[in-house]
Amino acid sequence: MAYDLTALSTSELMASAAKVRDSNRGRYLTFSPKVFIPLTRLCNDACGYCTFVRRPSQVKTPFLSMEDVRAIAEAGVAANCHEALFTLGERPENRWSEARTWLEENGHPSTVDYLASVAGRTMAEFGLLPHLNAGALTPEELAALRPASVSQGMMLESIRPDLEAHRAAPDKAPARRLATIKAAGELAIPFTTGLLVGIGDSEADRVKALRELAALAEEYGHIQEVIIQNFLPKPRTRLAGAPPADTETFLRTIALARLILPSGVHLQAPPNLSDDVSGLVAAGIDDLGGISPVTIDHVNPERPWPHLDKLARQVEELGFNLVPRLAIYPEFASEPGRWLAEPARFPVLDHADASGYAREDHWVSGGEEPSPSLFEERPLATNLAVFRPRSDSGSGPLAELLEAVDAGHEPDTAEIELLFSARGNDVRRVAEVADGLRERIVGDDVTFIVNRNINYTNICTFRCRFCAFSKGPLSLNLRGAPYTLSMDELAQRVTDAAGAGATEVCLQGGIHPDFDAEYYLDVVRTVKAAVPEMHVHAFSALEVHEGARRAGLDLEEYLGLLKEAGLRTLPGTAAEILDDEVREILCPDKIRTETWLEVHRAAHAVGLNSNVTIMFGSIERPASWAKHLSRTRELQKKTGGFTEFVPLPFVHMATPIYMRKLARRGPTFREAVLMHAVGRIAYASTIPNIQASWVKMGVSGAQELLRSGANDLGGTLMEENISRAAGASHGQALEADDFLSITAPLGRRLVQRSTLYGHLRRFDGQSRDAG
């Protein structure tokens, strides 16, 4: 079948390859933000086309020192690079005494041993993810490098053993290189390989090589990408007078690769070696390789990397979005137990978003880094989360879904997950559709409530791995001392809140081992005794469930007692992620999904409204977000009791699960925008209000969310403890003037509301009762 493909015309091959690519990869082209570290330019081989390799007399030192590598790594971290590409000559100690002497003097028996040391330190000290190109290695050498890398690579180049280009290159023997690729598969090493087109082999040779690679990929599943590179002659090499790879031959090889290789293997062509990327895209590539804002291409120094902003525009003109990735592809990153040695697992997790791609910027929820902007032009070279305006609505399944949503379609669970997959300018399109729905459903008013958070205890018997607030036997080392407020202290805080204009107190705490059902009733009674008109918004589903369990009452009966005491609404906390596989890791002893839903069903049944929250960005993937929205929407259709959706981005800094290196750094800004926008779309006909958490998103982030489907800014809070305990730095309170600074630039009117969204005060000089 593969040989039959060669009978097709180039245009037929390219059209078929592009169709295969589009059906498997969608409209996204990836690249890896990297630094290029040329650890040594000495080599055992003398390839006829290479200008990377030097003689000992041509270099200052045979190897870069760790200090040299550190300087490159630090620059890469500052530029938001994720990959440290180590490229080096093969086994220079076999040929050059200078290399042997340097290694011996620095305590290393071989180049591979030194590479393992330097790469491991680069990952451990700087978090950069090493991809190692060390050449044809033995199984033992590959295994030694596995703990110090997230992926390895080696170009096959050609299946022909008799090429003039490789006459003085014993390590380029095809059989030896295929053995290395096979060994990498046996060791479960994510691997990159490829062909060099134009060095003397035929199309039949290249097809044979691709079939060999396809067979290895099918057998071991480890080949994450294949590079098809075009030969360009270089001065002062044996092949200086040879012609460059013919463009048609090059494009045919790309297309053949896409059609011969398994669909799971990514296909790359270096963009700096071609004057126009459109042909590469048309031939079927889905990746543009590593691109560095910091270092040159040391192998092809005469061909500078494309500027990312320019490349992104070129890709957009072709109907694609440019997406940053890691040195390990998402399919491999999602199975760390199989594909990564233990030392590499957390560095990958720390660089990844929820789908396993690269984090686009330095922003984290609760952090001090300013949020990117959906609506502001900025260079992609420094900020890859920016989405520039586009007049067209795009094409493909996502664009079709957005068109249907705009016409009134309610997305199902699979379609919600598709919305969460949006990247690049597709994120802006999702946000625009969501904001159009917001305008139709609730208008342009932006609401907030004057309230106070009161956390009456931080002592808790549960072991939620994401919580830095609660104090139990396993968390006494975290910030803050254990405490429990007395009822007098609680009453004083409520009185102070009323004096500051609060209309609501939000009460939550840990599950104290000494609290019984009566305690929660006493909390409500204390609030109502102190300030009878104060709205009591209190108790997570876990607290309600524990109170009912300890009293031996069913949920509706206990909730009825709480309502009688003065409880008026429940927060949606303790939801975290309503997917029990995720909950088993995040909060293994906490209530399950069905119990959370049952508590809220019971609350709605006795006349208590509540809200939906989601804590996202720790360990879960977008499929869990889609399940969460679908399950809560299903309950809302039955009860109508949810008043708002409150996304809560995971604040990672001081949480136990992050400190144990088991979680991501919270959601990316793209993911936070999508959670609010997709929430608006998913709940369009069921939950009218979408809240932006200024505590977790920051003021500038909250402003962006108001343009992406959100209509509410939550509360003034007065005393926020939980996010701050986890490391958030956005303060404990905002006032009306602070909220006005968010809404005024948007031309949106600010309205003070009640808990149930009655309007209390419009900041245009008008006011009316909440009703």
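Look up a bit, the structure's there.
Residues numbered from 1 in each chain as written. Predicted model: local features only at pLDDT ≥ 70, side-chain atom pairs only at ≥ 80, totals over all residues. Heavy atoms only, no water.

Asks: Lay out the overall build of the protein chain in plain terms, naming residues and giving numbers.
Replies: Regarding its fold elements, the protein chain presents 29 helices and 21 strands. On the principal axes, the C-alpha backbone points of the protein chain span a range of 90 × 55 × 45 Å. Considering only residue pairs separated by 6 or more positions, the protein chain has 77% of its internal contacts joining residues 24 or more positions apart. Total accessible area computed for the protein chain in this model is approximately 28,100 Å², and 50% of it derives from carbon and sulfur atoms. If you average the places of the 81 positive and of the 101 negative side-chain charges in the protein chain, the two averages end up 2 Å apart. (Helix = DSSP H or I, 4+ residues; strand = E, 2+ residues; numbered from the N terminus. Contact = heavy atoms within 4.5 Å. Areas by Shrake-Rupley, 256 points an atom, 1.4 Å probe, with all protein chains shown as cover. Lys, Arg positive; Asp, Glu negative; His and termini not counted. Charge placed at Lys NZ, Arg CZ, Asp CG, Glu CD.)

Asks: Residue-level account of unusual backbone geometry, with values.
Replies: Its identity is not glycine, yet arginine 91 carries a phi of approximately 40 degrees, on the positive side. By the element assignment, arginine 91 lies in the loop between strand E2 (83-88) and helix H4 (97-105). Overall, arginine 91 belongs to the buried group, its relative accessible area being 16%. Of note in this structure, alanine 188 is not a glycine but carries a positive phi near 55 degrees. Residue alanine 188 is classed as buried on the basis of its relative accessible area, which comes to 16%. (Buried < 20%, exposed > 50% of the residue type's maximum accessible area, 1.4 Å probe, protein only.)

Asks: Give a description of the packing of aromatic side chains that names residues and reports values.
Replies: Aromatic rings considered in pairs are described by the distance between their centres and by the relative angle of their planes. The final tally for this structure, using the stated rule, is 19 aromatic pairs. Taking the centre distance of 4.8 Å and the plane angle of 35 degrees together, the rings of phenylalanine 448 and phenylalanine 739 count as tilted. Highlighted residues: phenylalanine 448 in strand E10 (residues 446-449) and phenylalanine 739 in helix H29 (residues 736-743), separated in sequence by 291 residues. Judged by its relative accessible area of 1%, phenylalanine 448 is buried. One cation-aromatic arrangement involves arginine 27 over phenylalanine 320; the distance from NZ or CZ to the ring centre is 3.9 Å. Taking the ring centre of tyrosine 757 as reference, the NZ or CZ of arginine 753 above it sits at 4.0 Å. (Phe/Tyr/Trp six-rings, centres within 6.5 Å; stacked < 30°, edge-to-face > 60°. Lys NZ or Arg CZ within 6 Å of the ring centre and 35° of its normal.)

Asks: If you had to explain the packing of helix H21 (residues 555-565) against helix H23 (residues 593-605) to someone new, which residues and values would you point to?
Replies: Relative orientation of the contacting elements H21 and H23 amounts to 55 degrees, with a least axis distance of 9 Å. It follows from the interaxial angle that H21 and H23 lie oblique. Here the hand of the crossing between H21 and H23 comes out right-handed. Residues Leu555, Glu556 and Leu559 of H21 pack against Glu598, Val599, Arg601, Ala602, Ala603 and Ala605 of H23. Here the contact of H21 with H23 is built from residues that sort into six nonpolar, no polar and three charged. (Axes fitted to C-alpha atoms, helices over the stretch in contact; angles between N-to-C directions. Parallel < 35°, antiparallel > 145°, perpendicular 65-115°, else oblique. Left-handed = near helix turned anticlockwise from the far one by under 90°. Nonpolar A, V, L, I, M, F, W, Y, C, P; charged D, E, K, R; others polar.)

Asks: Would you mind going over the side chain of serine 32 in detail, with residue names and values included?
Replies: Mapping serine 32 onto the fold places it in strand E1 (residues 28-40). Residue contacts for serine 32: discarding those within four places in its chain leaves Glu83, Gly289, Gly290, Ile291, Arg325, Leu326 and Ala327.

Asks: I'd like to hear about the environment of leucine 318, residue by residue, with values.
Replies: Along the polypeptide, leucine 318 turns up in the loop between helix H11 (308-317) and strand E9 (321-324). A C-alpha to C-alpha distance of 39 Å links leucine 318 and glutamate 125, two positions 193 residues apart in sequence. Look past the residues within four positions of leucine 318 in its chain and what remains in contact with it is Arg27, Val277, Ser278 and Val281.

Asks: So what about the pairing of E1? Which residues, and what values?
Replies: By the criterion of burial, E1 is predominantly enclosed, with 13 of the 13 residues buried. Relative to E9, E1 is paired through four bridges, and the arrangement is parallel. Following the sheet pairing, tyrosine 28 is matched in E9 by asparagine 321. By the bridge criterion, three bridges tie E1 to strand E8 (residues 287-291) in an arrangement that is parallel. By the bridge assignment, threonine 30 is partnered in E8 with aspartate 287. The sheet contact formed by E1 and E2 spans six bridges and is parallel. Its bridge partner lying in E2, threonine 40 is registered against leucine 88. Crossover connection from E1 via helix H3 (residues 66-78) to parallel E2: handedness right-handed. (Pairing = 2+ DSSP bridges. Right-handed = clockwise from strand over helix to strand, strands pointing away.)

Asks: Which residues make up the pattern of salt bridges, and what are the values?
Replies: Considering all chains together, one arrives at 49 salt bridges under this definition. Close ionic contact of arginine 121 with glutamate 125 constitutes a salt bridge, the shortest N to O distance being 3.1 Å. Here arginine 121 pairs with glutamate 125, and both are found in helix H5 (residues 111-126), just four residues apart, close to one helical turn. We classify glutamate 125 as partly exposed; its relative accessible area is 41%. Aspartate 353 serves as the salt-bridge partner of arginine 670, at 3.3 Å between the closest nitrogen and oxygen. A residue pair is termed long-range when its members are at least 10 positions apart, and arginine 670 in helix H26 (residues 669-682) and aspartate 353 in the loop between helix H14 (342-351) and helix H15 (397-406) qualify at 317 residues. Classification of arginine 670 by relative accessible area gives buried; the value is 1%. (Salt bridge = Lys/Arg side-chain N within 4 Å of Asp/Glu carboxyl O.)

Asks: Which residues make up the nonpolar core, and what values go with them?
Replies: Counting residues in each nonpolar core, the largest one holds 111 residues, and the members touching the most others are Leu507, Phe539 and Leu629. When residues of this core are assigned to their parent elements, the largest contribution, nine residues, is made by H26. Beyond its immediate stretch of four places on either side in the chain, phenylalanine 539 contacts Tyr456, Leu507, Gln508, Tyr520, Val523, Val524, Val544, Leu562, Leu567, Leu570 and Pro571. Grouped together as the second largest cluster of nonpolar side chains are 89 residues, Cys81, Tyr114, Ala134 and Leu195 included. (Core = buried A, V, L, I, M, F, W, Y, C linked by side-chain atoms within 4.5 Å.)

Asks: Explain the packing of helix H20 (residues 541-551) against H21 to me, and be specific about the residues and the numbers.
Replies: At a closest axis distance of 9 Å, the pairing of H20 and H21 adopts a crossing angle of 105 degrees. When the axis of H20 is compared with that of H21, the two are roughly perpendicular. Contacts between H20 and H21 involve Val544, His545, Gly547 and Ala548 on the former and, on the latter, Leu555, Tyr558 and Leu559.

Asks: Can you lay out the sheet that holds strand E17 (residues 689-690) for me, pointing to particular residues and giving the numbers?
Replies: If you trace the seven strands from one edge of the open sheet to the other, you get E11-E12-E13-E14-E15-E16-E17, paired in parallel fashion. Where the open sheet ends on each side, the last strands, each with one partner, are strand E11 (451-455) and E17. Alignment of strand E14 (residues 567-570) against strand E15 (residues 609-616), held across two bridges, turns out to be parallel. Looking at E15, one finds that leucine 570 is bridged to serine 610. H23 rests against E14, E15 and strand E16 (642-649) of the sheet, and its axis sits at about 160 degrees to E15.

Asks: Can you tell me about helix H9 (residues 247-260), naming the residues and giving the values?
Replies: Taking 1.5 Å as the rise per residue, H9 with 14 residues should run 20 Å; its terminal C-alpha atoms sit 20 Å apart, in good agreement. Looking only at H9, the buried set comprises Phe250, Leu251, Arg252, Thr253, Ile254, Ala255, Leu256, Ala257, Arg258 and Ile260. One side-chain oxygen at the N-terminal end of H9 lies 3.1 Å from the backbone nitrogen of glutamate 248; it belongs to aspartate 246. (Expected span 1.5 Å × (residues − 1). Polar contact = N/O pair within 3.5 Å; in protein donor to acceptor, adjacent residues only side chain to side chain.)

Asks: Requested: an account of the pairing of E14, with residues and values cited.
Replies: Where strand E13 (residues 535-538) meets E14, two bridges bridge the pair, whose relative direction is parallel. The residue of E14 that forms the bridge with histidine 537 is threonine 569.

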